[in-house]
Amino acid sequence: MNAPTSLQDWIAAVDARSTRVAIIGLGYVGLPLALLFSEAGFKVTGFDIDEKKVNALNEGRSYIHRIEAAQIDAARSTGFTATTDFAALKACDAILICVPTPLVGGPGEAHTPDMSFVTSTVEAIAPHTRPGHLIVLESTTWPGTTTELVVPTLERLGPTLVHRNEGPGPRVQGAENSSSSGPLALDPEPSLFVAFSPEREDPGNTITPRRAIPKVIGGISAVAAQAAAALYGTIFDRTVIVSSTEAAEMTKLLENIYRGVNIALVNELKQLCLAMGIDIWEVIDAASTKPFGFAPFYPGPGIGGHCIPVDPFYLSWRARHFNQPTRFIELAGEVNEAMPAFVVRTIERALERDGKKLSEAKVLLLGIAYKRDVDDLRESPALTIFSLLEDAGAEVAYNDPFFPTVGRGRKYKLETASTPLEQAPEFDCVVLVTDHSAYDIPALVAASKLFVDTRNATRGLTAENIVRC
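The rules behind these values
Counting of residues starts from 1 at the beginning of each chain's written sequence and follows it residue by residue. Under the rules for a predicted model, residues below a pLDDT of 70 receive no local features and side-chain atom pairs below 80 are neither given nor counted, while totals for whole chains, interfaces and linings still include all residues. Each side-chain value is derived from all of the structure's non-hydrogen atoms; neither hydrogens nor water enter the calculation. Throughout this description, the term salt bridge denotes a Lys or Arg side-chain nitrogen within 4 Å of a carboxyl oxygen of Asp or Glu. Burial classes follow relative accessibility: with a 1.4 Å probe on protein chains only, a residue under 20% of its type's maximum area counts as buried, one over 50% as exposed, and anything between as partly exposed. Helix and strand assignments come from DSSP, with helices taken as H or I runs of at least 4 residues and strands as E runs of at least 2, each series counted from the N terminus. Any pair of N or O atoms that falls within 3.5 Å is considered a polar contact. Within protein, one atom must be able to donate a hydrogen and the other to accept it, and sequence-neighbouring residues count only if both atoms are side-chain atoms. Residue contacts are counted whenever heavy atoms from the two residues lie within 4.5 Å of one another.

Engineer: Explain the pattern of salt bridges residue by residue, including any values.
Structural biologist: This structure, assessed with the given rule, holds 18 salt bridges. As a salt-bridge pair, Arg164 and Glu155 come within 2.9 Å of each other at their nearest N and O atoms. A relative accessible area of 41% means that Arg164 is categorised as partly exposed. Of the residues examined, Glu155 reaches a relative accessible area of 23% and is grouped as partly exposed. For Arg210, the salt bridge is made with Glu201, and the minimal N-O distance between the two is 2.8 Å. For Arg210, a relative accessible area of 28% corresponds to the partly exposed category. Each of the salt bridges in this network shares a partner with another, and the network as a whole consists of Arg20, Asp93 and Arg130.

The structure is reproduced here in structure tokens:
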């Protein structure tokens, strides 16, 4: 597509499916997004620095459990390709960045945002940009990233300036889909169009279609926001344009902080209820009958995934730049991060009641993934529990139908294989960490000497060897 001269030209190209889409980062966010655009009729090029992923996709293979090889083949039949060569960006019109934004530090450390993936990606993109490119960051990050990191890097290393609003005041509010509100020029001078639109992936969710999740968009300029809305409006039922990239960045953080704080609340209440002999799950169910003012959240062995364990700390880190305390957010993070240690203490006490020391025990963890029925290890509490048990001297193994083996990650080095469930009777303690639907809980309870349940999967079962935590 030649560089458009008006928003209407851009929308016309999007409607004609002549806009070529680049997705950078082909993980749990980028690959599903690439498939959505392919299904909508766009020619999509995926970019990743991992040659194994690129080769797998070009051979029609999937490396994500919930994405079938047939979906990859269908995308390839409409022109989808993957590459490690960023020079191919010149042939694309929209560049969507879906790279990780983890934390540098772990529990008890500084929790500093690791922006290296975003920085290196934008640096790699910049030399290949051209007038008319739409560049959208989807990676969750601190408010101000797009304006303070992405835009300056593009302008410092690239040949083209970024289009900005000409006047003060809010940009666009509450627009839906590809709204065209008049003949807005893209720019009298050739320029780049930059926006932020946070991903809202929910791994393992088989109920809500991806396109039914509204897409929030904030632009560096009003036209950039509307251009992005026109593109995203082809694959999402609703787009919501907010007044700035900062507002869009903060929206994503609020969503995940809301969840993190409420999960911390029920995790803390779970420990109190256990001490008081009260079933927290029964209490949550009863409270959920209230038709207003209450939304249920559920306790567990800790929090995992790419959002809730990470995103709140992006905001608390950013808040320090404004000398603003975020005590509530930080306290919630502390409560959630302490849950794996609580699980290990429960295991230790349960073993002691059976006359066994933790340092001499064999422990089998059921589920190493962070969430039920997903093949995702990111920030999984099971990894922390595994490490804490080993540190205590226990002999630890795991079983997970989604992970035949687990090797090395940013914060772990297990280098071990999944243990068959048939070996459960050989262990002093079996701990349900992730309640995959493939697990036959009654059978596993019957086969175990001691069964520690962190997910309420044994609800309704009565057995002396069950310990709920």
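Engineer: An account of the environment of Glu390 is needed here, citing residue identities and associated values.
Structural biologist: On the secondary structure map, Glu390 appears in helix α13 (residues 381-391). What makes Glu390 partly exposed here is its relative accessible area of 43%. Separated by 70 residues in the primary sequence, Glu390 and Arg320 place their C-alpha atoms 36 Å from one another.

Engineer: Run through the side chain of Asn465, naming residues and quoting values.
Structural biologist: Inspection of the secondary structure assignment puts Asn465 in the loop between β14 (451-453) and β15 (466-468). Taking relative accessible area as the criterion, Asn465 reaches 14% and is therefore assigned buried. A distance of 2.8 Å separates a polar atom in the side chain of Asn465 from the backbone oxygen of Val445. Here the side chain of Asn465 touches Ser448 through a polar contact of 2.8 Å, landing on its backbone oxygen. Residues in contact with Asn465, not counting those within four places in the same chain, are Val445, Ser448, Lys449, Leu450 and Phe451.

Engineer: I'd love a proper account of unusual backbone geometry, names of residues and values included.
Structural biologist: Unlike most non-glycine residues, Asn323 shows phi in positive territory, near 55°. Inspection of the secondary structure assignment puts Asn323 in the loop between α10 (311-320) and α11 (327-337). Phi at Asp373 is positive, roughly 60°, even though this residue is not glycine. The residue Asp373 is located in the loop between β9 (362-366) and α13 in this model.

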